[in-house]
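So you can see what is in the structure, the chains are spelled out below.
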Amino acid sequence: MTTAAQMRDRTALVTGGSSGIGAAVADALARAGAHLVLVARNGARLEQTAEGIRSRYGVTVTTIALDLAAQGAVGRLLERLEGDGVEVELLVGNAALAPRGLVVEGDPAVLRRMVDLNVGALTELTAAVTTGMVERGHGSVVVIASTGGSAPTPVLAAYAASKAYVLSFTQALWAETRHSGVRVVAVSPGPTRTPMNATVGRWGRRPEQVAATVLTALDGSGPSVVDGRGNAVAAAVLRLLPTRVVTALALRVFTR
Ligand SMILES: NC(=O)c1ccc[n+]([C@@H]2O[C@H](COP(=O)([O-])OP(=O)(O)OC[C@H]3O[C@@H](n4cnc5c(N)ncnc54)[C@H](OP(=O)(O)O)[C@@H]3O)[C@@H](O)[C@H]2O)c1
């Protein structure tokens, strides 16, 4: 287990670190003295985020422009880290896509790419990095799930299913590693004001609030944390509602 306070001069790998929640977590970790490796597709946006963090905190920020959903991408990332001699003390598995629309009106290939990123790349990277940490006997892994994974969600069908997978996988990994010296935890944000959720408006949480929850989660010992009390209640209620009710509610919210 490595807490945020112990990250000074150690390296955190943040996927999707150029924007939204990933950028806010990266910023908070750098403020705590961590060096960063940030991964996302758009190299220019990544470098812009990295430069802001470097100038604010004076830490080392390495950027790797990579489409994690591409075949072999996780292997190339791991090779690059090994080649650079980077030991990842904290992994924040955050990069995800959330294409909206009815399944029958969308492009099946887009859903496939989303699963490749949200499920495939996340699983491969988390498994590889956690294995190294367990061998060394220290480190922490935060996986960003979603309260959207609490129930089947029309219009975000594959995304919600991917987040149900992410939560289940991470909680099981927590159980497998809890006595290994490595901290594994899932953090589930609810609606948050980022480019992914541009329509959420003022009632959404701010990415900085989610980042604070991520850092606090590192100090804890449980398998998962929901960001925000209201979101925790909403996620619990969603789990209890019958499928007919919860899916009708989602359809009404997302298609009005
Ligand atoms: N916003 C919400 O309401 C909300 C709610 C619950 C959970 N979450 C979760 O929070 C996490 C962050 O979401 P966000 O809202 O901060 O979204 P965001 O602002 O859209 O950021 C997504 C990040 O992932 C990167 N990314 C996307 N596709 C990628 C790929 N194929 N390979 C590598 N990087 C990729 C993006 O950069 P590029 O586009 O340059 O690749 C960006 O840095 C996600 O796991 C999301 O599911 C968000």
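The notes below deal with the structure included here. It should be emphasised that the depicted structure is a prediction, and the values quoted were computed from it without experimental measurement.

1. What about the overall build of the protein?
The secondary structure content of the protein amounts to eight helices and seven strands. For the protein, the C-alpha radius of gyration of 18 Å lies close to 18 Å, the compact-globule estimate for 256 residues. Judged by the C-alpha coordinates and their principal axes, the protein covers about 50 × 40 × 35 Å. In the protein, which comprises 256 residues, the share counted as buried stands at 48%. Sequence separation of 24 or more characterises 71% of the internal contacts of the protein that already satisfy a separation of 6 or more. Across the protein, the mean location of the 25 positive side-chain charges is 11 Å away from that of the 19 negative side-chain charges.

2. Points about the site of the ligand
Taken together, the neighbourhood of the ligand is formed by 32 residues, with Ser18, Ser19, Asn94, Tyr159 and Thr194 sitting nearest. In this structure, a nitrogen atom belonging to the ligand sits 2.7 Å away from a side-chain N or O atom of Asp67. Within the backbone of Leu68, an N or O atom sits 2.9 Å from a nitrogen atom of the ligand. For the ligand, the protein covers 94% of the area, taking 890 Å² as the surface of the free molecule. Looking at the shell around the ligand residue by residue, the class counts come to 16 nonpolar, twelve polar and four charged.

3. A look at the pattern of salt bridges
According to the stated counting rule, one finds eleven salt bridges in the structure shown. Here Asp84 ties to Arg80 by a salt bridge, and the two come within 2.9 Å at their closest N and O atoms. You can call Asp84 partly exposed: its relative accessible area is 45%. Judged by relative accessible area, which is 36%, Arg80 ranks as partly exposed. The partner of Arg112 in a salt bridge is Asp116, with the nearest N and O atoms 2.9 Å apart. On the criterion of helical spacing, the pair formed by Arg112 and Asp116 is a turn pair, its members being four residues apart in helix H4 (residues 108-136). Classification of Asp116 as partly exposed rests on a relative accessible area of 23%. Here the salt bridges do not stand alone but share partners, grouping Asp27, Arg31 and Arg56 into one network.

The rules we used
Residues numbered from 1 in each chain as written. Predicted model: local features only at pLDDT ≥ 70, side-chain atom pairs only at ≥ 80, totals over all residues. Heavy atoms only, no water. Helix = DSSP H or I, 4+ residues; strand = E, 2+ residues; numbered from the N terminus. Rg over C-alpha atoms; globule rule 2.2 N^0.38 Å. Buried < 20%, exposed > 50% of the residue type's maximum accessible area, 1.4 Å probe, protein only. Contact = heavy atoms within 4.5 Å. Lys, Arg positive; Asp, Glu negative; His and termini not counted. Charge placed at Lys NZ, Arg CZ, Asp CG, Glu CD. Near = heavy atom within 4 Å. Polar contact = N/O pair within 3.5 Å; in protein donor to acceptor, adjacent residues only side chain to side chain. Areas by Shrake-Rupley, 256 points an atom, 1.4 Å probe, with all protein chains shown as cover. Nonpolar A, V, L, I, M, F, W, Y, C, P; charged D, E, K, R; others polar. Salt bridge = Lys/Arg side-chain N within 4 Å of Asp/Glu carboxyl O.

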